[in-house]
Amino acid sequence: MSKPLYNKIDPSSYMELAKQLAINADDSSKRTAADRAYYAAFLTCRDVLASKGYLVPQYNLDDHKSVPQTLKSIEALGSRGNDEERLRSARNRINYDTRELRDQPQSAVCSINWMITTAQDIINGVQALPKR
Amino acid sequence: MVIDSRERPSDFHYPDLKKGPYEFSLLSCANRPNSSLLDNSGFYIRKIAAPNTKKYYRRFGKLISHRRNYLRYEDASRLAFTIPPESVSIANASQFSKEADQIQCSVKLEDFLAIQSVLGSVGMKTLQEVLDIIWLTSKKLNWPLEKIQIDKVKDPEVLDWQYIRLLLFFVSDFESADNFLHKLYPILDELSTKLDVEQAEILQKLIFFDVQTTLQ
């Protein structure tokens, strides 16, 4: 049996990486931190919701649909689950738009602090859910 | 679906618009510059008719009479979603979008059709109930909610996923706007328990929320 190229990972560990990167002053680190914060939340939600019987993961792009929809169910986080989709929108903007992004009216740019805090809140909420 | 009067025949009909929440039909539109069909702001004027004319006049009488039954594109869109809700009396319909304590919530006609295509008739009723609860909460808690933008979002990654996003514009900083939205979440959850199963599922799976700020 060959040695795995990538070991199994707990996606919530991306949060620590995001926090470490966010401290750095360079923009590459900040934008990567935003990306990791989103994926920490998304992947942790998917895996925890699956392990607790809330959804069946596809392990592909389709999970971007099933995770926010499942999170918003009353049995899961309810409307609070909406924040996962907000995180995704924010992450898309920060990752794909390489121009200067400012915190200004109607800019739809979220700070790295908001990304990390929101991601952590979602992770905490999902981890506290009972098994179904 | 995009409706552009410059590319449409003059007698173009949209009978399926009757399925909308306030039931109106776009009977015709102009396809060439004509002073009688072009208003001051340069918009082509469409002839709008409502199946229930009496109800329409009772509610929007002044608005309609001002324009002799010809509503501008935006006016027709504005009729699609109303804030405040029907339970709140509108003293003067002609000032519908001007009163300071009301929230602007207009949707272009093509966007209205796009939203309708995602939500269906049941979903449109759900959306109106969501807009009502947002308005009532905003008034009750004195939020600086300026306007609500309703967008159809085609997901960039999941091919078959389309949903509706309500973008709430607050005259505040981002942190405050974020807090307002978080206070709205339990209210939406309460609304969800009062909806029937189909409507609750639409609210859960097809309607999402985000905030924008307009404070300089």
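For the structure, see preceding data.
Keep in mind that this is a model prediction, so the values were computed, not measured. As a convention, each chain's residues are numbered from 1 in the sequence order in which they are written. Chains carry letters from A onward and ligands carry numbers from 1 onward, assigned in written order. Residues qualify for local features only when their pLDDT is at least 70, as the model is predicted, and side-chain atom pairs are given and counted only at 80 or more; totals for whole chains, interfaces and linings, by contrast, use all residues.

### Description of the overall build of chain B
Argument step 1. When its secondary structure is counted, chain B shows five helices and six strands.
Argument step 2. For the purposes of this entry, the term helix denotes a DSSP run of H or I that reaches at least four residues, the term strand denotes a run of E that reaches at least two, and both are numbered from the N terminus. Counting from the amino terminus, helix and strand elements in chain B follow one another as β-β-α-β-α-α-β-β-α-α-β.
Argument step 3. Look at the contacts in chain B between residues 6 or more apart in sequence, and 65% of them connect residues 24 or more apart. Our contact criterion uses C-beta atoms placed from the backbone: two residues qualify when those atoms are within 7 Å.

### Some thoughts on the environment of Leu136(B)
Residues and elements named next belong to chain B.
Argument step 1. Checked against the element boundaries, Leu136 lands in helix 3 (residues 109-140).
Argument step 2. On the basis of neighbour counts, which here come to 16 C-beta atoms within 10 Å, the residue Leu136 falls in the partly exposed class.
Argument step 3. Considered as a pair, Leu136 and Gln116 are 20 residues apart in the sequence and their alpha carbons are 23 Å apart. Neighbour counting defines burial: a residue surrounded by 20 or more other C-beta atoms within 10 Å of its own C-beta is buried, one with 12 or fewer is exposed, and intermediate counts give partly exposed, using backbone-placed C-beta atoms.

### Quick word on the nonpolar core
Argument step 1. One finds Leu119(B), Leu127(B), Ile164(B), Leu168(B), Phe170(B) and Ile207(B) to be the most contacted residues of the largest nonpolar core, which totals 33 residues.
Argument step 2. For this core, the secondary structure elements donating two or more residues are helix 3, strand 4 (145-154), strand 5 (162-170), helix 4 (174-194), helix 5 (197-206) and strand 6 (207-213) of chain B.
Argument step 3. In contact with Phe170(B), other than residues within four places in its own chain, are Trp143(B), Pro144(B), Leu145(B), Glu146(B), Ser176(B), Ala177(B), Phe180(B), Val211(B) and Thr213(B).
Argument step 4. In these notes, a nonpolar core means any group of buried Ala, Val, Leu, Ile, Met, Phe, Trp, Tyr and Cys residues linked to one another through C-beta atoms within 7 Å. Formed by 30 residues, the second largest nonpolar core is a distinct cluster that contains Tyr38(A), Cys45(A), Leu77(A) and Ala90(A).

### Considering unusual backbone geometry
Argument step 1. Positive phi is not limited to glycine here, since Tyr59(A) has a value of about 55°.
Argument step 2. Although it is not a glycine, Asn142(B) adopts a positive phi angle of roughly 55°.
Argument step 3. Following the sequence through the fold, Asn142(B) ends up in the loop between helix 3 and strand 4.

### Re the sheet that holds strand 4 of chain B
All names here are of chain B.
Argument step 1. One bridge is not enough; two strands pair if DSSP finds at least two bridges between them. An order of 4-5-6 is seen for the three strands of this open sheet, with the pairing classed as mixed. The outermost strands of the open sheet, each flanked by one partner alone, are strand 4 and strand 6. The sheet shows a mean angle of 25° between the axes of neighbouring strands, direction not considered.
Argument step 2. Bridge count for strand 5 against strand 6 is seven bridges, and the pairing is parallel. In the strand pairing of strand 6, Arg165 is matched with Phe208.
Argument step 3. Fitted lines through C-alpha atoms serve as axes, helices being fitted only where they are in contact, and the angles separating the N-to-C directions of these axes extend from 0 to 180 degrees. Its contacts with the sheet place helix 4 against strand 5 and strand 6, and it is angled at close to 155° to strand 6.

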